[in-house]
Number of protein chains: 2
Amino acid sequence: MFRGVNPINLDAKGRMAIPARYRDRITEHCCGHLVATIDTEERCLLLYPLAEWEEIQEKIEALPSFNPAARRIQRLLIGHATDLDMDGNGRLLLPAPLRDYAELNKKIVLLGQGNKFEIWSEERWLATREEYLAEVDGGAELPDELQNLSL
Amino acid sequence: MFRGVNPINLDAKGRMAIPARYRDRITEHCCGHLVATIDTEERCLLLYPLAEWEEIQEKIEALPSFNPAARRIQRLLIGHATDLDMDGNGRLLLPAPLRDYAELNKKIVLLGQGNKFEIWSEERWLATREEYLAEVDGGAELPDELQNLSL
DNA sequence: CACAATTACCCACATTTACCCACTAACACA
DNA sequence: TGTGTTAGTGGGTAAATGTGGGTAATTGTG
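Nothing here was measured: the structure is a model prediction, and the numbers come from that model.

Rules behind the numbers
Residues numbered from 1 in each chain as written. Chains lettered and ligands numbered in written order. Predicted model: local features only at pLDDT ≥ 70, side-chain atom pairs only at ≥ 80, totals over all residues. Helix = DSSP H or I, 4+ residues; strand = E, 2+ residues; numbered from the N terminus. Buried ≥ 20, exposed ≤ 12 C-beta atoms within 10 Å, placed from the backbone. Contact = placed C-beta atoms within 7 Å. Nonpolar A, V, L, I, M, F, W, Y, C, P; charged D, E, K, R; others polar. Pairing = 2+ DSSP bridges. Near = placed C-beta within 6 Å. UniProt positions renumbered as here; feature names shortened; annotations may be inferred. Axes fitted to C-alpha atoms, helices over the stretch in contact; angles between N-to-C directions.

**Student:** Residue-level account of the overall build of chain A, with values.
**Tutor:** Within chain A, the regular secondary structure consists of six helices and eight strands. If you list the helices and strands of chain A from N to C, you get β-β-α-β-β-α-α-β-β-α-β-β-α-α. Counting only C-alpha atoms, chain A reaches 50 × 40 × 30 Å along its principal axes. Expressed as a percentage of its 151 residues, the buried residues of chain A come to 30%.

**Student:** Break down the interface of chain A and chain B for me, citing the residues and quoting the values.
**Tutor:** One frequently used descriptor of interface size is the decrease in accessible area upon assembly of the parts. Listed by partner, the interface residues are 24 residues for chain A and 21 residues for chain B. Taken together, the elements giving at least two residues each to the side of chain A that touches chain B come down to helix H2 (50–61), helix H3 (68–80) and strand E5 (82–85) of chain A. By residue number, the principal contributor to the side of chain A that touches chain B is H3(A), which donates ten residues. Looking at the side of chain A that touches chain B residue by residue, the class counts come to eleven nonpolar, seven polar and six charged.

**Student:** I'd like a description of the pairing of strand E4 (residues 45–49) of chain B, backed by residues and values.
**Tutor:** Residues and elements named next belong to chain B. Of all five residues in E4, five are buried, a share of seventy percent or more. Residues Leu-45, Leu-47 and Pro-49 of E4 are buried on one face, and the alternating residues Leu-46 and Tyr-48, pointing to the opposite face, are buried as well. Sheet topology places strand E3 (residues 33–38) next to E4; five bridges connect them, and they run antiparallel. Each residue of the ladder has a partner; that of Ala-36, found in E4, is Leu-47. With antiparallel pairing between neighbouring strands as the criterion, E3 and E4 make up a hairpin whose turn holds six residues. The pairing of E4 with strand E8 (residues 116–121) spans three bridges and is antiparallel. Within E8, the residue paired with Leu-47 across the bridge is Phe-117.

**Student:** Provide a residue-level description of the protein's contact with DNA strand C, including the pertinent values.
**Tutor:** Taken together, A:Asp87, A:Gly88, A:Asn89, A:Leu93, B:Asp87, B:Gly88, B:Asn89, B:Leu93 and B:Pro95 make up the full set of residues near DNA strand C. Tallied by class, residues from the surface near DNA strand C come to three nonpolar, four polar and two charged.

**Student:** Quick rundown of the protein's contact with DNA strand D? Include the residues and the values.
**Tutor:** Near DNA strand D you find 20 residues, and of these A:Asn9, A:Asp11, B:Asp11, B:Pro19 and B:Ala20 are the closest. At the level of elements, strand E1 (2–9) of chain A together with strand E1 (2–9) of chain B are the ones that each hand at least two residues to the surface near DNA strand D. Considering only residue class, the surface near DNA strand D consists of ten nonpolar, six polar and four charged.

**Student:** Describe the UniProt feature "domain: SpoVT-AbrB" (unreviewed entry) in chain A, with residues and values.
**Tutor:** All names here are of chain A. The positions UniProt marks with the feature "domain: SpoVT-AbrB" (unreviewed entry) are residues 5–52 and 81–124. A distance of 21 Å separates the end C-alpha atoms of residues 5–52, which is 29% helix and 40% strand. For residues 81–124, the helix share is 23%, the strand share is 48%, and the end-to-end C-alpha distance is 22 Å.

**Student:** Break down the environment of A:Gly112 for me, with residues and values.
**Tutor:** All names here are of chain A. Relative to the helices and strands, Gly-112 resides in strand E7 (residues 107–114). Its 17 C-beta neighbours within 10 Å are what place Gly-112 among the partly exposed residues. Residues Gly-112 and Asp-100, spaced twelve residues apart in sequence, show a C-alpha to C-alpha distance of 21 Å. Ignoring sequence-local partners within four residues, the contact set of Gly-112 consists of Phe-2, Arg-3, Gly-4 and Phe-117.

**Student:** Describe in detail the sheet that holds strand E7 (residues 107–114) of chain B, supporting the description with residues and values.
**Tutor:** All names here are of chain B. Spatially, E1-E7-E8-E4-E3-E5 is the arrangement adopted by the six strands of the open sheet, whose pairing is antiparallel. Looking at the sheet topology across the chains shown, the edges are occupied by E1 and strand E5 (82–85). Each strand axis lies, on average, 25° off the axis of its neighbour in the sheet, ignoring direction.

Here it is, written out as structure tokens:
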């Protein structure tokens, strides 16, 4: 589905242009309706086609709501999930609370991640990527599935 | 159903404007009739469409009333449940006792949470969110359903 | 019954957002 | 290399939304 790294500029109003190569797929897949929420592990945003998101939300809502960890996940993920539509120019207006969370300024990065995108501030993405590369080197505890993966 | 994060200002009279994108759903779902009560785990309020709340109240009332814990829940939830209607401008007047419980001042946050909303003071929400994020990271005791959740 | 306090309804203003148009840079093709 | 087309960017404007506040009706209280 979605893949690739795309440097993008946010404009003064907080809008980001979706790269043209993804637009057709997005409009056909979900009429341009998307849902953005936060990533709980990293300070970045997740961007789903509406249909994808609704499947996920169902699973999250089905979690036992008396369990504190599940409650937390519900508050964080559903609580931040915001419906977005592409405007006539193929742009999304990212709401201020989400921009603040991921500390998005002018320069951001859109990462294709299969069924979704991730949105990072460029600065944070570059730094995090370096960390990842360093950890992979020393990485001792890889799950079996990874050990056996041939590229 | 409901999702997303909405920063809102309470005015001097204690009124909050429901974001326009939710109004249609609320009016169609329950003619603008809502019920607010307190959350017993966190210092925030819960806001239900009337129909949703009535289902919940039935379940609460069905709890064994000789059980002290059940009595407590009944007193807290049903005792604080207050009927609210949107005014002509799509606003709700939050009663003083509920505002006091959740320590709501000018700046508040409305969180969509599936079948209901949560209302937080902005300050408390931001602080609580940071706690949640830290706990999710170090989270050892995640239920299986969560461990296997792929986003 | 009178008074005070609260609430509902209404209007007006400020801000934000959606929509539109225009410019520039990049690319493709001849 | 020149030209046409498309993508990305910036920004103006009208409409919608959010906010504040006045006033009349209602409620509760002495």
